[in-house]
Amino acid sequence: MTNHFFALVRETLPADPSARILIETPDGRRCTYADMLARTGAYANALTAAGVKPGDRVAAQVEKSAEIVFLYLAALRAGAVFLPLNTAYTAGEVAYFLDDAEPALFVCDPAKREALAPVAEKAGTCGVLTLDAAGHGTMAEAADAHGTDFADVARTPDDLAAILYTSGTTGRSKGAMLSHDNLASNARTLVDAWRFTPDDVLIHALPVFHTHGLFVAVNTVLASGASMLFLPKLDAGLILRLMPRASAMMGVPTFYTRLLKEAGLTEAATARMRLFTSGSAPLLPETHAAWRARTGHAILERYGMTETNMSTSNPYAGERVAGTVGFPLPDVALRVVDPDTGAAVAPEAVGMIEVKGPNVFKGYWRLPEKTAAEFRPDGFFVTGDLGKVDARGYLHIVGRGKDLIITGGFNVYPKEVEAEIDAMPGVVESAVIGLPHADFGEGVTAVVVGSDDGPDEAGVLAYLAGRLARFKCPKRVLFADDLPRNAMGKVQKNVLRETHAALYRG
Ligand code: AMP
């Protein structure tokens, strides 16, 4: 038996692995596919020597580097389950994840070792090693001390490859268990859907503790034998300078809004690029249009989540429709249903999005009841996202089910109100939330980011009056300098709801 995921990596290896770059970093370091094989072998030996056994978790909270990618692949080769943690998590938050996942080994930044070692010890890990942004630390040293030959531990398609904790914008984080085939099947699907080949060079500026940067981006590159320009973080100027050497970029919407502020973003600057994808948060149709006008490229928007990998994508060859996330990927079944009854709704009607396929995770770590509650008896996963399929089959995401506002018994989809407000002159963006309200249950409330000459509260309300049914119009419009966002650019409506919870009280 092979190691299911790493067998895919081996299958697509270039004929001469030392002749093709896998990762190039801005400091000029280049790692070839041969380096990847050697380094992941050394790390896998080091993990095994540190006591990591097949099925054990290896948790890592480290800055982005080529080495962390190698550690991820080494964990899979050793049969372990990789558990990346957001670098922004505090010691208290890390304690929760380590207590919950009980990893055998925890790898952290050397600067945080003193604070985190007691946390890891309390959680019962057998060791704490370190790795910094430059790829140095006791984990790397342990790898240096080992040989590079390693016999991959056999893993079936259903064996766990990773646990990724959900971002927890609606409650406590849950560990999504992803199997070797969840990752391998989705990587294969995306290589085909987005036509990746060994000639591709991907600009990678996403974090690698999240599904987008780690699986969508890294795995697609590995499964096509392509290369990546690996940036520690979003740096619009640097991305622009790299574009003449690249062919594709995967980003969250913030990448595109930031790049649009660069005077150098022109058709000529992007002439060598063949693909720009966006996901993890909604891309405004205005951003899509502005990008097209400036560069001639239509951004390809896709939809997925930690629990499902990628589920839908706008077409590579067909029309990429702004404000939609396209069609289900070839091996994904998708339906939109009445959340209460589970019955399919008519085309164009809004309902709960449910998906089924080899992309869908194995359940939440040690939460069988929570897992059972989010799967239908026929195996469809209830995503928690509301959406509709239009007459042409394109899926539109309306928002998280938990963000739906129920006011005076009427449903208000925040996106519909946000779209109207965002179209107003002088408005940069908005977030519409429901806040506790004695009469209505929830009061529709808009938080607006305006420009200097933007409208005031009365102006926004007057503008909306003729455009939206009365029950959809905000009761109050608040103004902010910006909206709270997480590392993936998602607006944190839970934070807004907490901040303004008392608005209608008293
Ligand atoms: P995460 O698990 O952090 O990847 O978050 C997944 C959630 O992000 C989904 O359930 C959606 O609510 C949202 N999301 C992902 N891609 C898109 C998209 N293209 N448009 C709108 N929302 C998206």
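Residues numbered from 1 in each chain as written. Predicted model: local features only at pLDDT ≥ 70, side-chain atom pairs only at ≥ 80, totals over all residues. Heavy atoms only, no water.

**What about helix α8 (residues 211–222)?**
Stage number 1. Of all 12 residues that make up α8, 12 are buried, and the element is covered over most of its length.
Stage number 2. If you check which residues of α8 are buried, you get Thr211, His212, Gly213, Leu214, Phe215, Val216, Ala217, Val218, Asn219, Thr220, Val221 and Leu222. (Buried < 20%, exposed > 50% of the residue type's maximum accessible area, 1.4 Å probe, protein only. Helix = DSSP H or I, 4+ residues; strand = E, 2+ residues; numbered from the N terminus.)

**Here's the deal with the environment of Ala101**
Stage number 1. With respect to the helices and strands, Ala101 occurs in helix α4 (residues 91–101).
Stage number 2. The buried category is assigned to Ala101, whose relative accessible area is 0%.
Stage number 3. Taking the C-alpha atoms as reference points, Ala101 and Ala123, separated by 22 residues in sequence, lie 8.8 Å from one another.
Stage number 4. With sequence-adjacent residues up to four places away left out, Ala101 is seen in contact with Arg57, Leu83, Tyr165 and Trp365. (Contact = heavy atoms within 4.5 Å.)

**Digging into the packing of helix α2 (residues 33–49) against helix α3 (residues 66–77)**
Stage number 1. Closest axis-to-axis distance for the α2/α3 pair is 8 Å, and the angle between their directions is 60°. Of the possible angle classes, the one that applies to α2 and α3 is oblique. Note that α2 runs across α3; the crossing there is right-handed. Touching Met36, Leu37, Arg39, Thr40, Gly41, Tyr43, Ala44 and Leu47 of α2 are Glu67, Phe70, Leu71, Leu73, Ala74, Ala75 and Arg77, all from α3. (Axes fitted to C-alpha atoms, helices over the stretch in contact; angles between N-to-C directions. Parallel < 35°, antiparallel > 145°, perpendicular 65-115°, else oblique. Left-handed = near helix turned anticlockwise from the far one by under 90°.)

**Considering the site of the ligand**
Stage number 1. With respect to spatial proximity, 16 residues lie near the ligand, and among them His210, Arg302, Thr306, Asp385 and Lys490 are the closest.
Stage number 2. At 2.9 Å from an oxygen atom of the ligand is found a side-chain nitrogen or oxygen belonging to His210.
Stage number 3. One of the backbone nitrogen or oxygen atoms of Ser280 is found 3.1 Å away from a nitrogen atom of the ligand.
Stage number 4. Starting from 490 Å² of accessible surface for the ligand in isolation, the protein chains cover 92%.
Stage number 5. Ranked by residue count, the leading element in the shell around the ligand is strand β13 (residues 300–305), at five residues.
Stage number 6. Classifying every residue of the shell around the ligand gives five nonpolar, six polar and five charged. (Near = heavy atom within 4 Å. Polar contact = N/O pair within 3.5 Å; in protein donor to acceptor, adjacent residues only side chain to side chain. Areas by Shrake-Rupley, 256 points an atom, 1.4 Å probe, with all protein chains shown as cover. Nonpolar A, V, L, I, M, F, W, Y, C, P; charged D, E, K, R; others polar.)

**Structural notes on the sheet that holds strand β24 (residues 476–479)**
Strands in a sheet are paired, the pairing made by backbone hydrogen bonds, and the direction either parallel or antiparallel.
Stage number 1. Ordered by their spatial adjacency, three strands build an open sheet running β22-β23-β24, and the pairing between neighbours is mixed. Where the open sheet ends on each side, the last strands, each with one partner, are β22 (427–437) and β24. Taking each pair of neighbouring strands and ignoring which way they run, the sheet shows an average axis angle of 30°. (Pairing = 2+ DSSP bridges.)

**Digging into the pairing of strand β4 (residues 81–84)**
One face of the sheet, then the other: side chains in a regular strand alternate in exactly this way.
Stage number 1. Residues of β4 alternate between two faces, with Val81 and Leu83 on one and Phe82 and Pro84 on the opposite face, all of them buried.
Stage number 2. Pairing geometry for strand β3 (residues 57–61) and β4, over four bridges, is parallel. Across the sheet, the residue bridging to Ala60 is Pro84, located in β4.
Stage number 3. Regarding the hand of the β-α-β motif, the stretch spanning β3, α3 and β4 is right-handed. (Right-handed = clockwise from strand over helix to strand, strands pointing away.)

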